[in-house]
Amino acid sequence: PMLPPAGFGGGGGFGGGGGAYGAGDDVDPSRGACTVKIKGLPFRLKYEDVAEFFKGYPIVPDGVVVGRMPDGRDTGEGWVTFATAEEAERAVADKNRANLGSRFVELVTVRGAPATDRALPDGRYVAVLRPGAAGA
């Protein structure tokens, strides 16, 4: 599986506030691609669900990443990387607290997508979600 870096996130849960990818970071439009953290994702989420939810907002290739438990179940958190900071901000403004499937999701811009090459000490990890792939 694809795994996050050691020290990923911080206090309050997977990728929670205070860590390298904590919520509330300022977005600099000159940086190019920008990532949005999503909380409250439906379990067994498919790439197509995310693509439909963000239809009209350009997502970078391999730009949909979901959190997973050690047994492969989804954590309900994910990250979507958009082509520009402006598109990420627009997605947050338009889609925060909207329903994705049967769940309402919370969106916040973050510094970047989690890397996918190392596990956390408790075994959680992240995985790139691709077309045709569903959560565990």
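Our structure is the block above this text.
Residues numbered from 1 in each chain as written. Predicted model: local features only at pLDDT ≥ 70, side-chain atom pairs only at ≥ 80, totals over all residues. Heavy atoms only, no water.

(A) Inspection of unusual backbone geometry at higher detail. Even without being a glycine, Arg-44 presents a positive backbone phi close to 60°. Mapped onto the elements, Arg-44 comes out in the loop between strand 1 (34-39) and helix 1 (47-53). One non-glycine residue, Asp-62, adopts positive backbone phi at about 55°. Here Asp-62 falls in the partly exposed class, since its relative accessible area comes to 47%. (Helix = DSSP H or I, 4+ residues; strand = E, 2+ residues; numbered from the N terminus. Buried < 20%, exposed > 50% of the residue type's maximum accessible area, 1.4 Å probe, protein only.)

(B) Focus on the packing of aromatic side chains. The tally for this structure, following the rule as stated, stands at four aromatic pairs. Ring centres of Tyr-57 and Phe-82 lie 6.5 Å apart, and the angle between their planes is 70°; this geometry places the pair in the edge-to-face category. With Tyr-57 in the loop between helix 1 and strand 2 (59-68) and Phe-82 in strand 3 (residues 74-82), the pair connects residues that are 25 residues apart, well separated along the chain. There is no split in this pair, since Tyr-57 and Phe-82 are both buried. Among the aromatic residues, those joined into a ring-pair cluster are Phe-53, Phe-54, Tyr-57 and Phe-82. The lysine or arginine in question, Lys-95, covers the ring of Phe-53, its NZ or CZ lying 4.8 Å from the ring centre. (Phe/Tyr/Trp six-rings, centres within 6.5 Å; stacked < 30°, edge-to-face > 60°. Lys NZ or Arg CZ within 6 Å of the ring centre and 35° of its normal.)

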